[in-house]
Amino acid sequence: MATLNLMVLVCLAYVALLFIVAFAADRLAATGRSTWLRSPLVYTLSLSIYCTAWTFYGAVGYAARSGLEYVTIYLGPTLVMVGWWWGLRKLVRVGRSQRVTSIADLISSRYGKSNLLAICVTVLAVVGITPYIALQLQSITLSFSIFFEEAPVGAYSDASVVFWVAAGLAVFAILFGTRNLDANERHHGVVTAIALEAVVKLIALLAVGIFVVWGLSGGVSETMARIDASPIGEWKVNGSRWATITFLAVAAFVCLPRMFQVMVVENDDERHLRTAAWAFPTYLLLISLFVVPIAVVGLEVMPEGSNPDMFVLTVPLSQGRETLAMLSFLGGFSSATSMVIVAAMALSTMVSNHLVMPIWLSSQSDRASVSGDVRHVILLARRVSIAVIMALGYFYFRLSGGGAALASIGLISFAGIAQILPALVGGLFWRGATRSGALAGLTVGFALWLYTLLLPGLGGGLMPDWVLSDGPFGIGWLRPQALFGIQGLDPIVHAVMWSMLLNTAAFCAASLLSFPSPLERLQGAQFVNVFDHSAGPRGWTGSVAQSEDLMIMSQRILGAREAQDLFQSEAALQGGRGHLPEPTPLFLERLERELSGSVGAAAAHAMIGQIVGGSSVSVEDLLAVADESAQLMEYSSQLEVKSGELARTAKQLREANEKLTQISLQKDAFLGQISHELRTPMTSIRAFSEILRDNDGLNTQDKVRYATIIHDEALRLTRLLDDLLDLSVLENGQVSLNMRDGILAEVLDRAVASALAGAEASLAVRRRRISETVQVRSDLDRLAQVFINLIANAQKYCDAPNPELTISVHDVGGQAVVDFIDNGSGIPAEVQSTVFEKFFRVNAEKAGGAGLGLAISREIMLRLGGDIVYLPGQSGGAFRVTLPLAGQMAAQ
Amino acid sequence: MGRHVLLIEDEANITEAIRFLLTREGWTVDTHADGRDAIEVIRAAKPDLVILDVMLPGKSGMDILRELRDSDGLRDLPVLMLTARGQSRDREMAEKAGVNRFMTKPFSNAEVVTAVRDLYAQASRT
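Computed from a prediction, not measured in an experiment: that's the story for all the values here. (Residues numbered from 1 in each chain as written. Chains lettered and ligands numbered in written order. Predicted model: local features only at pLDDT ≥ 70, side-chain atom pairs only at ≥ 80, totals over all residues. Heavy atoms only, no water.)

Colleague: Before we go on, may I ask you to explain the overall build of chain B in this structure?
Modeller: Counting its regular elements, chain B contains five helices and five strands. Each helix and strand of chain B, placed in order from N terminus to C terminus, yields the pattern β-α-β-α-β-α-β-α-β-α. Residues counted as buried form 52% of the 126 residues belonging to chain B. Within chain B, contacts between residues at least 6 apart in sequence are counted, and of these 59% link residues at least 24 apart. Counting only carbon and sulfur atoms, one obtains 47% of the accessible surface of chain B, whose full area is about 5,800 Å². (Helix = DSSP H or I, 4+ residues; strand = E, 2+ residues; numbered from the N terminus. Buried < 20%, exposed > 50% of the residue type's maximum accessible area, 1.4 Å probe, protein only. Contact = heavy atoms within 4.5 Å. Areas by Shrake-Rupley, 256 points an atom, 1.4 Å probe, with all protein chains shown as cover.)

This is how it looks when you write it as structure tokens:
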């Protein structure tokens, strides 16, 4: 009989071996020369954590109690591996392309990155797996007790051993499970260690089996005979239980966090699945091969009442084969430890990522962007989570007191984890599955599992007996183990049937009734059509070339300055030399956040995916997202158009109003001017005509003088009316022009003579006749009118002592240019721009007219195809008239 | 010293007509044709009454009136305003500025004479 010390020594040595293997594997992986570490064999062996102490010890017990039903536990994974190999490949592809870290992350990611869902899955997993961890601890205790004290099972309660085992496993998981925060979250050390443990437990079980068959029974045929004689050999198949447990095994194999960890997260190469598809069923076949012989022989050789769960240990021990028993013990120990380590790692990832980090981030929203800080916190959160999970398992073990049949806890745990299946499978194959559906299904399934299986199954007063027998509040059809009046079913079958049925129904109904968000649609498409999108398994390793693409895209969306600032600050944060940052996940996340501020989350995600993830998003997906945003965009653009129209209308109205006001002011001013111009001569006429009428005694000289005033003012009125009419006709374009060819000199002759006629002609007009012999095409009378006006103005306003007007003619660019420059003081600069306006007069005292002359002149010149402008900077008043030549210079 | 009127008007013919009418009534008539220095001319001439045109070169009659009403000694000077711009807005502006009488051109001679007589009588009574 082995001593406790020896046992502990063996255990410690074994654990030390595991440490060394794990450490060496990590070192090897770090050097990059670890091809065999990434072999399909290691991957297949790592999958064997499916076989825990429950299967190692429990399968024999199961067979001893229920016959061949234990086969279902192996049947499930085999069916999945062989029959659903392509489904697993999809799961692995999705998991890798989405860089998921756990099953909770996968579900959350699929349904629009909902952390609520992740929390649900995490809580479900922790509640479901903690008893399972306790079960492993219990199995270690039991196996210890078998060895050095053949005491009745359950009486042994040396919890300190379990405590140290749990602590040791926690240290192992922390050391090798949280060494670093790889982007791909792979832990070569741990995987290699559990592969080693897989080999140990297989060899152990095979060794015991060989010993039983050939050592105890005396050969294969003898054993077969014994089996035939035993009740185990009878082919009693309870259809519903078989189907249910096979289904649970299938679900557990796919959904268990630890299975997900080794199968998806730790997967190095998708092609490994191809090997595992035959290798893992083979492993299962080998490990289950001797279960029945051991059970049958155990039942024969062991005394009545022995715990069949421990036959693997007790049968060799009873035959004095301590070394074999020790090997068997190590096999069981391996089964338990590998499961606990991986489960703790997987759960801690979920707990820290979905429970601890969100809370920490929300409380540290400002400092969250500092990368080093976050890494430190994540690692700490994982380590603490591992410790806490391990402690939960330990306390659960202490509180439950052990004793319950191992298999029942395993199945309860499986049934809980199976609640994830609808959301997982639906998420992989049904694009219509939504977050609401997943949430509804998970909640319903979780609640029913708690109510119908976990609480009644745990005992310990968690659910009062009267609830079980009479239902809550005496409602019979709500009895946990006979829901809706369906009685007589096996509790497991009952619970799994109802929970899965209602889970799936709720999942489908809520999915159909709810509308997925754009991100959900996008993620849904990426999950369901993962093979269309990704050419092969690839990491999110970026290159500088991608950074350039990202930069170009960001500039388009954020604007050049903003994008450059963002990229430069990121590059500085990363400590790089260039101005472009490495496309690390952290940077990509920040960029996605920045972009989503501009184009929405789904589009930003898709855009970055396009560049970094290659063609991870199809046109179809983008269209689906675009469809949806297009509706919103259309609506908002309609609004925009409408408000734009309103703004434009308002602006037009405002402008029209201003124009009207201005026109009204101009009109008032114009009417005021005309009124003034008309009333002023009329005032004189009226006043003097009344004077003439009322004063008989006026002398003849005065009478003549007053009559002359009346006459002059009447002429002034007539001139004014003529000018107004002329201007009106010109402005309305109703004027008829008599265009003909003529010599400029003749027009000027006529104008000078006319302007100076009758006046006390003090103005000297200087001309250079030789330059004036150009032929122009014009209305010569209208042209003369303009010249007369200019000469008359010079005569009126030139203030020089000896007024002089110089008229000079040039040919500039095919046009005749006629300048009228006098030697007076000219027109003040501040009014030069207004000389052509109606009623403009430089000096009212001298003005004979109404100030319409230049306005009319300009209208005429514009009609004649020329122009008239004031020439600033000359010695005196200076006007320039341009007009078209008659095609050629006249011969001199 | 007889009654003294200052006529500020830039139209020579109208000035001559009014001068004729008021001289015959016994008034001493001074005339001025520019708006710019009108205030100084009024201050220097110390007339009993001012006849003021609105549209004057340099400064409008309306501005001159406002300045008169702001000046010590000239505040109560009777002002008869003449305008050729027949707009009601001008009348309102003039009344607001403190005009004593506002007339639109063309006027009848009798109107002007009566208005001047009335304004003088009012000013003498107070």
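So that's the structure; there's more coming.
Colleague: Is there a simple way to think about the interface of chain B and chain A in this case?
Modeller: It is common to report an interface's size as the accessible area lost on association of the parts. On the side of chain A, 25 residues touch chain B, which itself brings 23 residues to the contact. For the pair chain B and chain A, the two sides together bury roughly 2,100 Å², of which 55% comes from carbon and sulfur. Here chain B and chain A share two salt bridges between them. Note that A:Arg705 is salt-bridged to B:Glu16, the shortest N-O span being 2.1 Å. Applying the counting rule to chain B against chain A returns ten residue pairs in polar contact (both at pLDDT 80 or more). Secondary structure elements with two or more residues in the side of chain B that touches chain A: helix H1 (12–24) and helix H5 (109–125) of chain B. Sort the elements by how many residues they give to the side of chain B that touches chain A and H1(B) lands first, with seven residues. (Buried area = accessible area lost by both parts, 1.4 Å probe. Salt bridge = Lys/Arg side-chain N within 4 Å of Asp/Glu carboxyl O. Polar contact = N/O pair within 3.5 Å; in protein donor to acceptor, adjacent residues only side chain to side chain.)

Colleague: What should I look at first to understand the sheet that holds strand E5 (residues 815–822) of chain A in this one?
Modeller: Strands belonging to one sheet form pairs held by backbone hydrogen bonds; the direction of such a pair is parallel or antiparallel. Residues and elements named next belong to chain A. Across the sheet, five strands lie side by side as E2-E4-E5-E7-E6; this open sheet has mixed pairing. One side of each edge strand has no neighbouring strand; the edge strands of this open sheet are strand E2 (764–767) and strand E6 (867–870). If you compare each strand with its neighbour and ignore which way they point, the axes differ by 20° on average. Of the pairings in the sheet, the one linking E2 to strand E4 (residues 804–812) comprises four bridges and is parallel in character. (Pairing = 2+ DSSP bridges. Axes fitted to C-alpha atoms, helices over the stretch in contact; angles between N-to-C directions.)

Colleague: Please explain the pairing of strand E7 (residues 878–884) of chain A as it appears in this structure.
Modeller: Strand residues, when the strand is regular, have side chains that alternate between the two faces of the sheet. All names here are of chain A. In terms of residue burial, E7 counts as a mostly covered element, since five of its seven residues are buried. Summarising the sheet, E5 and E7 pair through seven bridges and their orientation is antiparallel. Paired with Asp 819 across the bridge in E7 is Arg 880.

Colleague: Sorry, what's going on with the UniProt feature "modified residue: 4-aspartylphosphate" (unreviewed entry) in chain B here?
Modeller: Residues and elements named next belong to chain B. This chain's UniProt record puts "modified residue: 4-aspartylphosphate" (unreviewed entry) on Asp 53. Mapping Asp 53 onto the fold places it in strand E3 (residues 49–53). Judged by its relative accessible area of 1%, Asp 53 is buried. Setting aside chain neighbours within four positions, we find Asp 53 in contact with Ile 8, Glu 9, Asp 10, Gly 61, Leu 82, Thr 83 and Lys 105. (UniProt positions renumbered as here; feature names shortened; annotations may be inferred.)

Colleague: Explanation requested: the sheet that holds strand E5 (residues 101–104) of chain B in the structure shown.
Modeller: Residue and element names in this part refer to chain B. What the five strands build is an open sheet, ordered E2-E1-E3-E4-E5; its pairing is parallel. Every other strand in the sheet has two partners, leaving strand E2 (27–32) and E5 as the edge strands with one partner each. On average, each strand axis in the sheet is inclined to that of its neighbour by 20°, with strand direction left out of account. Relative to E3, strand E1 (residues 3–8) runs parallel, the two sharing four bridges. From the neighbouring strand, Ile 8 faces E3, where its bridge partner is Leu 52.

Colleague: I tried to follow a nonpolar patch on the surface on my own but got confused; where do I start?
Modeller: All names here are of chain A. Among the surface-exposed residues, Ile 210, Trp 214, Val 220 and Met 224 lie close enough to one another that they form a single nonpolar patch of about 400 Å² accessible area. The set of elements that each furnish at least two residues to the nonpolar patch consists of helix H9 (188–217) and helix H10 (220–229). In this fold, Met 224 is placed in helix H10. (Patch = residues over 30% accessible without salt bridge, like charges linked within 9 Å, V, L, I, M, F, W, Y side chains within 5 Å.)

Colleague: What is the right way to read the environment of A:Ala346 from this model?
Modeller: Residue and element names in this part refer to chain A. Residue position: Ala 346 is located in helix H16 (residues 322–363). For Ala 346, a relative accessible area of 1% puts it in the buried group. In this structure, the C-alpha to C-alpha distance between Ala 346 and Met 259, residues 87 residues apart in sequence, is 8.9 Å.

Colleague: What is the right way to read the packing of aromatic side chains from this model?
Modeller: Describing an aromatic ring pair means giving the distance of the ring centres and the angle of the ring planes. Applying the stated criterion across every chain, the model contains 17 aromatic pairs over all chains. Judged by centre distance (5.7 Å) and plane angle (80°), the rings of A:Tyr706 and B:Phe20 are edge-to-face. Placement of the pair is A:Tyr706 in helix H30 (residues 700–731) and B:Phe20 in helix H1, with the two residues belonging to separate chains. Judged by its relative accessible area of 17%, B:Phe20 is buried. Their ring planes at 75° and their centres at 5.3 Å tell us that B:Trp27 and B:Tyr120 sit as a pair that is edge-to-face. You can see B:Trp27 sitting in strand E2 and its partner B:Tyr120 sitting in helix H5, a full 93 residues away along the chain. Since its relative accessible area comes to 28%, B:Tyr120 is described here as partly exposed. (Phe/Tyr/Trp six-rings, centres within 6.5 Å; stacked < 30°, edge-to-face > 60°.)

Colleague: How should the environment of A:Gly672 be read in this particular structure?
Modeller: Mapping A:Gly672 onto the fold places it in helix H29 (residues 619–694). Those residues in contact with A:Gly672, other than ones at most four positions away along the chain, are B:Arg85 and B:Gln87.

Colleague: How should I be thinking about the pattern of salt bridges in this particular structure?
Modeller: Once their charged atoms are close, side chains differing in charge can pair, the charge on each being opposite to the other. All names here are of chain A. Taken as a whole, this structure holds 24 salt bridges over all chains when the rule is applied. When the shortest N-O distance is used, the salt bridge between Arg 767 and Glu 772 registers 2.8 Å. Take Glu 772: its relative accessible area is 0%, and that puts it in the buried class. Connected through salt bridges with shared partners, the residues Asp 749, Arg 767, Arg 769 and Glu 772 form a single ionic network.

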